[in-house]
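Secondary and tertiary structure notes
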Amino acid sequence: MSGITKQDGPVAVTGASGYIGSRIVEDLLNQGYEVNACVRDSSNNKKVDHLIELGKKASESDVNLFEGDLFEKGSYDGAFTGCAAVIHAGATVGFNRETPQEVYDGCFTENEHVIESVKKSGTIKRFVFTSSFAAVAHPRPEGYVFDEGDWCGDNVEAYKGAWTEENISKNRDIAYAMAKANTEKMIYKMAESEQNFEAISINPLHVIGPLMTENHNQFFSWQFFIWQLLQGNNFGSLDGKQIRSDRMLWNMVDVRDVAKAHRMATESNNAKNGSRYILSATDRSGELFTWELQKKLRELFPDIKDIGGERMENNKPIKDTYDSPRSYCKKAIQELGLSTYSIEETLKETGESYKRLGLL
Ligand SMILES: NC(=O)c1ccc[n+]([C@@H]2O[C@H](COP(=O)([O-])OP(=O)(O)OC[C@H]3O[C@@H](n4cnc5c(N)ncnc54)[C@H](OP(=O)(O)O)[C@@H]3O)[C@@H](O)[C@H]2O)c1
């Protein structure tokens, strides 16, 4: 089956108000697509005004707002009618607010409703799902380079018995990874049995890049932690409390590249049912330990006096960081034709967007 073109009809985007979803809407409009942007509440100005503005700026395309909720069966029927493709970026991501079971339901069970609406439309040729690198990663020795052939359910013994369906309700990370992997498997199977659409996944790693609105500064998101570093707080510390480890390998990708890859997956003749694309650093320059990230931010923001990092002693981290997750965005570049921002551009423009929003 071939990919879509803008002549085939509108593209619907779920989670259109979100950090990634908004950039997907922007990219589609820039390419001249008509976009059916699905939001939960179209009267919430903080979440939709920037989408309306994007529509006004676009010269040859338009954005139509539709309301839909993942927890309501059939609520995307209207938005998907007549569409050529759906990009499903909406999810109950659980930035530490939802319970693990709610995360699983928001990221898996409720996706069945979305697929039902896709099947009903009869016009949709491509369904592109925002999965996650969580559906790829699993315990491996340090330095292991993950690729699209990896699944989070591989090497279950290494989870010391924790990788079970019963633990979904107890562990947010297991709930999230299993939900994304199970959704991928479900959509590929559905598409195969229906024969009239193809399902493709995008698996992003640590997404950063410029924010469009203050609402994109979601608590516990990667961009939120970059903001914290730029305010002089060590990674994972908030109001003097350590809310997560300060050591990590940041494997970063620009939100605009993630968005572009979604659209390219609807268009590409190389992509097919079951194709998945990791969106991560393209090379080692985008894979930085927290102390290396701090060094890079200091170079990029010489005007900021104090930039946070991790705990150091004699200019060295007090502990080594586990060298994972390593992975390179190669398949999306080769198969979809994606070109990407440099890590310097991404970090700089992330900081600049915080300044523009008056948050820095
Ligand atoms: N950011 C990352 O680093 C990253 C990495 C890997 C994968 N992902 C995936 O990327 C997708 C988008 O994430 P994001 O970073 O853009 O998060 P975000 O800014 O929080 O966006 C989430 C979107 O989902 C919508 N949503 C939440 N609950 C919903 C519900 N019950 N019904 C309908 N829509 C609902 C939100 O709408 P409201 O505006 O109405 O709340 C929002 O538009 C998610 O699937 C996430 O798992 C993100």
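In what follows, the structure referred to is the one given above.
A brief report on the enclosed structure follows. Going along each chain's sequence as written, the residues are numbered from 1 onward. Owing to the predicted nature of the model, reporting of local features is limited to residues with pLDDT of at least 70; listing and counting of side-chain atom pairs is limited to 80 or more, with chain, interface and lining totals taken over all residues.

Time to look at the overall build of the chain. Assigned secondary structure in the chain consists of 11 helices and 16 strands. For 360 residues, the compact-globule formula gives about 21 Å, and the C-alpha radius of gyration of the chain, at 20 Å, lands near that figure. Principal-axis analysis of the C-alpha atoms gives the chain an extent of 65 × 50 × 35 Å. Counting over 360 residues, the chain shows a buried share of 50%. The contact criterion used is a C-beta to C-beta distance within 7 Å, with each C-beta placed from the backbone. Taking the contacts inside the chain whose residues are at least 6 apart along the sequence as the reference set, 77% of them involve residues at least 24 apart. We count a stretch as a helix when DSSP gives it H or I for four or more residues in a row; a strand needs E for two or more, and each element gets its number in order from the N terminus. Atoms counted for the radius of gyration: C-alpha only. Globule rule: 2.2 Å times residue count to the power 0.38. Buried residues are those with 20 or more other C-beta atoms within 10 Å of their own C-beta, exposed residues have 12 or fewer, and partly exposed residues lie in between; C-beta atoms are placed from the backbone.

Here, nearness means that the C-beta atom of a residue, built from backbone geometry, sits within 6 Å of the molecule or strand in question. The immediate surroundings of the ligand are formed by 27 residues, with Gly15, Gly18, Arg40, Ala91 and Val207 found nearest. Of all the secondary-structure elements, those providing two or more residues to the shell around the ligand are helix 1 (19-30) and strand 8 (206-208). Here the element with the most residues in the shell around the ligand is helix 1; it accounts for three residues. Ten residue types, Ala, Val, Leu, Ile, Met, Phe, Trp, Tyr, Cys and Pro, are classed as nonpolar, four, Asp, Glu, Lys and Arg, as charged, and the remainder, Gly among them, as polar. Here the shell around the ligand is built from residues that sort into 11 nonpolar, 13 polar and three charged.

In this section: the nonpolar core. One nonpolar core equals one set of buried Ala, Val, Leu, Ile, Met, Phe, Trp, Tyr and Cys residues connected by C-beta atoms within 7 Å. Of all hydrophobic cores here, the largest spans 105 residues; its most connected members are Val11, Val13, Val25, Ala37, Phe127, Ala261 and Leu279. Leave out the neighbours within four places in its chain, and Val11 touches Leu28, Tyr33, Val35, Cys83, Ala84, Ala85, Ile87 and Thr266.

When you tally the buried positions in strand 5 (residues 126-130), you get five out of five residues, the bulk of the element. Relative to strand 5, strand 4 (residues 85-88) runs parallel, the two being bridged by four bridges. Bridged to Ile87 within strand 5 is Val128. Strand pairing is defined by DSSP finding a minimum of two bridges between the two strands. Inspection of the sheet shows strand 5 paired to strand 7 (residues 198-204) by five bridges, in the parallel sense. Across the sheet, residue Thr130 finds its bridge partner in strand 7, namely Ile202.

The next thing to look at is the packing of helix 9 (residues 290-300) against helix 11 (residues 343-356). As a packed pair, helix 9 and helix 11 sit with axes 10 Å apart at the nearest point and diverge in direction by 70°. By the criterion of interaxial angle, the relationship of helix 9 to helix 11 is roughly perpendicular. The hand of the helix 9/helix 11 crossing is right-handed. In this structure, helix 9 uses Lys296, Leu297 and Leu300 to contact helix 11, whose residues at the interface are Glu344, Leu347, Lys348 and Gly351. For the contact of helix 9 with helix 11, a count of residues per class yields three nonpolar, one polar and three charged. What counts as an axis is a line fitted to C-alpha atoms, over the stretch in contact for a helix, and the angles between N-to-C directions run from 0 to 180 degrees. For classification purposes, an angle smaller than 35 degrees is called roughly parallel, one larger than 145 roughly antiparallel, one from 65 to 115 roughly perpendicular, and anything else oblique. Here a crossing is taken to be left-handed if its near helix is turned anticlockwise relative to the far helix by less than a right angle, and right-handed if that turn runs clockwise.

Turning next to unusual backbone geometry. Glycine aside, residues mostly have negative phi, and peptide bonds are mostly found in the trans state. The omega torsion of the bond from Ser324 to Pro325 falls at 5°, within 30 degrees of zero and hence cis. Here Pro325 is to be found in the loop between strand 15 (316-317) and strand 16 (326-327). A positive phi is found at Gln195, a non-glycine position, where the angle reads about 70°. Looking at the element boundaries, Gln195 is found in the loop between helix 6 (172-194) and strand 7.

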